[in-house]
Structure formats: C-alpha cells, structure tokens
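Listed below, chain by chain, are the residues.
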Amino acid sequence: MKKTFALALALIAVVAAPFQAVAQEAPVRAAYYYKVKWGYQDEFERLFFKNHYPVLQAQMGEKGRIRSVEVMKPTYHGDGRADWTFLVVITFANMTAFTGPNEEAAIQKRLYPDQETFRKEEARRFEIIDAHWDVPLTVVPPPAR
C-alpha cells in the first residue's frame, strides 16, 4: 500500500512538473484596490505618484520584475458599488517575480535620500485609506468550441 501510494505521488509529480514550470514562467497579474477616505482622493493620488509609482517604474524593463503598471479610477463618482476609488494593476514577469524577494527597499533608499520625509508621506498615504486589498488574477480562457 505504501509503495503504491509513493508510486502514485511520484507519477503525479512527473506529470505535473512541466505544467508547474510553465505556470512559474508565465506573467502574473495582480490588482491592488484602494478605497480612499472621502475628500482625500487628490492627496492620495499625489502621494502615490510622488513616492510609490517611481519605485514601480524602477522595477520595469525587459529584464525587470515588473512588465507593466496600469493605474485607474472610476470615471464617474458613485459608479457601481463604489468599493474602490483607485486601482493599480501590475503585471509581473512571472510567479517568482511576484512572490519572491525584491529590491524595493534599496530602490526607495536610492530614489528618496530623505527617508524621514519618504516614510512620513507613505504613512500619510496609508492613513487616508479606508480599505486596501490585493487580488492576484487568473486568466479564465473561454471554452474551446
């Protein structure tokens, strides 16, 4: 029984390994939703584009960990359920780039030598948020015809 179970696990691992390798190398998209407190949207956007967006841009490029960054907000006030007021969709090079170690802290120190001001402004950016959630996205292909 133990041998059969071990053999079955080994077979599953052999069959699944190529699929895992492909999944690890495919780009990964994640949506970062923010709901900013009423009256603070402009301040949030100013701080985001001043302090966080350049850090994301520094990680982009052909060999960078980030392939693209899209920033959006609802077109109309009160559109839909109004769960969010600001959305950032990041496409990472692969799963390792998404979940693995990164150089953000070093980039922040390089881009913002005045770390005290940087930390204070980043704290303020999060202080004016009512809610924030990160959603890794999985593409759902339509069924084959």
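Note that the coordinates shown come from a computational prediction; the quantities given were computed from them, not determined experimentally.

Caption draft 1: Region of the structure containing the overall build of the chain. Each helix and strand counted, the chain has five helices and four strands in total. Order of helices (α) and strands (β) in the chain, N terminus to C terminus: α-β-α-β-β-α-α-α-β. Evaluated residue by residue, the chain yields a buried proportion of 29% over its 145 residues. Sequence separation of 24 or more characterises 77% of the internal contacts of the chain that already satisfy a separation of 6 or more.

Caption draft 2: Main features of the environment of His-52. Mapped onto the elements of the fold, His-52 is located in helix α2 (residues 41-57). Expressed as a C-alpha distance, the spacing of His-52 and Glu-104, which sit 52 residues apart in the sequence, is 9.8 Å.

Caption draft 3: Examining helix α5 (residues 115-127) more closely. The end-to-end C-alpha distance of α5, which contains 13 residues, comes to 18 Å, matching closely the 18 Å that a straight helix rising 1.5 Å per residue would cover. Restricting attention to buried positions, one finds in α5 the residues Gln-115, Phe-118, Glu-121, Glu-122 and Arg-125. Viewed along the axis of α5, the buried residues span an arc of 130°, placing them on a single side of the element. In α5, the exposed positions that point more than 90 degrees away from the buried face belong to Glu-116, Arg-119 and Lys-120.

Caption draft 4: Geometry of the pairing of strand β3 (residues 86-92). Counting buried residues along β3, seven of its seven residues qualify, which places the element largely inside the surrounding structure. The side-chain alternation of β3 yields two buried faces, one formed by Phe-86, Val-88, Ile-90 and Phe-92 and the other by Leu-87, Val-89 and Thr-91. Here seven bridges tie strand β1 (residues 28-36) to β3, and the two strands are oriented antiparallel to one another. From the neighbouring strand, Arg-29 faces β3, where its bridge partner is Thr-91.

Caption draft 5: Highlighting the pattern of salt bridges. Applying the stated criterion across every chain yields a total of seven salt bridges. Linking Glu-70 and Arg-29 is a salt bridge whose minimum nitrogen-to-oxygen distance equals 3.0 Å. Of the two residues, Glu-70 sits in strand β2 (residues 66-72) while Arg-29 sits in strand β1, which places them 41 residues apart along the sequence. A salt bridge links Arg-124 to Glu-127; its shortest N-O distance comes to 2.5 Å. Remark: Glu-127 and Arg-124 occur in helix α5; sequence separation between them is three residues, near one turn of the helix.

Caption draft 6: Quick look at the packing of α2 against α5. For the pair α2 and α5, interaxial distance at closest approach is 9 Å and the crossing angle is 140°. By the angle class used here, α2 and α5 are oblique. At the point where α2 passes α5, the crossing takes the left-handed sense. For the pair α2 and α5, contact is made by Glu-43, Phe-44, Leu-47, Phe-48, Lys-50, Asn-51 and His-52 and by Phe-118, Glu-121, Glu-122, Arg-124 and Arg-125, respectively. Of the residues belonging to the contact of α2 with α5, the class tally is four nonpolar, two polar and six charged.

Thresholds applied
Residues numbered from 1 in each chain as written. Predicted model: local features only at pLDDT ≥ 70, side-chain atom pairs only at ≥ 80, totals over all residues. Heavy atoms only, no water. Helix = DSSP H or I, 4+ residues; strand = E, 2+ residues; numbered from the N terminus. Buried < 20%, exposed > 50% of the residue type's maximum accessible area, 1.4 Å probe, protein only. Contact = heavy atoms within 4.5 Å. Expected span 1.5 Å × (residues − 1). Arc of directions from axis to C-beta. Pairing = 2+ DSSP bridges. Salt bridge = Lys/Arg side-chain N within 4 Å of Asp/Glu carboxyl O. Axes fitted to C-alpha atoms, helices over the stretch in contact; angles between N-to-C directions. Parallel < 35°, antiparallel > 145°, perpendicular 65-115°, else oblique. Left-handed = near helix turned anticlockwise from the far one by under 90°. Nonpolar A, V, L, I, M, F, W, Y, C, P; charged D, E, K, R; others polar.

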